[in-house]
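A structural walkthrough
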Amino acid sequence: MEFSLDLPTTPFISLIYKKHAKYLNKKVKDFNLTFGLYPFLIEIYKNDGISQEDLAKILFLNESTVTRNLDKLEKKGFIKRTPNKRKKIITITDEGSEVAKEVMNYEENWDEIIKKDLTEDEFIIFKKILIKICEDFVWTKQ
């Protein structure tokens, strides 16, 4: 299949997103995880004891979305939430920690898939462009 530069960016972004979701869903299926839950578990593992509010900021999500996903992780026994004054503190369970360790390298593997037809310089430029676009969206309300 040949792509045209005349196409807008949306189909390309959508294709990469769908392929990434399919890749990760296949990889994390045996751990009773999904593409949507995976980033939550990893961030909690990296930031054990994080507040629900801070997790929402890190993942650029609203708190209701975070709450729904944390409910799922808690039911699976991967995390525990503890009220602490006005905040809920999230800690990872032993089971959650073991699963997080197993699946953390999937993102690195995905980057290797992305890199396979790029030089190291092209990949760095690609990431810098993505970061620039995302930073613009984070700081502006579009």
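In this report, we go over the structure that sits alongside the text.

As a further point, take the pattern of salt bridges. Counted by the stated rule, this structure contains seven salt bridges. When the shortest N-O distance is used, the salt bridge between Lys57 and Glu53 registers 4.0 Å. Of the two residues, Lys57 and Glu53 are both situated in helix 3 (residues 52–59); the distance of four residues between them amounts to about one turn of the helix. Classification of Lys57 by relative accessible area gives exposed; the value is 55%. Judged by relative accessible area, which is 32%, Glu53 ranks as partly exposed. For Glu112, the salt bridge identified is with Lys115, shortest N-O distance 3.4 Å.

One open sheet accounts for three strands, arranged 1-3-2; its pairing is antiparallel. At either margin of the open sheet sits one strand with a lone partner, and together these are strand 1 (50–51) and strand 2 (79–84). Note: strand 1 against strand 3 (residues 87–92), two bridges, orientation antiparallel. Across the sheet, Ile50 pairs through a bridge with Ile90, a residue of strand 3. Running at roughly 125° to strand 2, helix 4 (residues 63–75) makes contact with strand 2 and strand 3 of the sheet.

Cut-off values and rules
Counting starts from 1 at the beginning of each chain's written sequence and moves along it residue by residue. In keeping with the predicted nature of the model, local features appear solely for residues at pLDDT of at least 70, side-chain atom pairs appear and are counted solely at 80 or more, and the whole-chain, interface and lining totals rest on all residues. Side-chain numbers come from the whole structure's heavy atoms, not from hydrogens or water. Take a side-chain nitrogen of Lys or Arg and a carboxyl oxygen of Asp or Glu: if they are within 4 Å of each other, that pair is a salt bridge. Numbering of helices and strands runs from the N terminus; a helix is a DSSP stretch of H or I covering at least four residues, while a strand is a stretch of E covering at least two. Summary of the burial criterion: residues with accessible area below 20% of their type's maximum are buried, those above 50% are exposed, and those between are partly exposed, where the area comes from a 1.4 Å probe applied to protein chains only. In this analysis, strands are considered paired if DSSP registers two or more bridges between them. In what follows, residue pairs with any heavy atoms lying within 4.5 Å of each other are defined as contacts. Whenever a helix is involved, its axis is fitted only over the stretch in contact; in every case the axis is a line through C-alpha atoms, and angles between N-to-C directions fall within 0 to 180 degrees.

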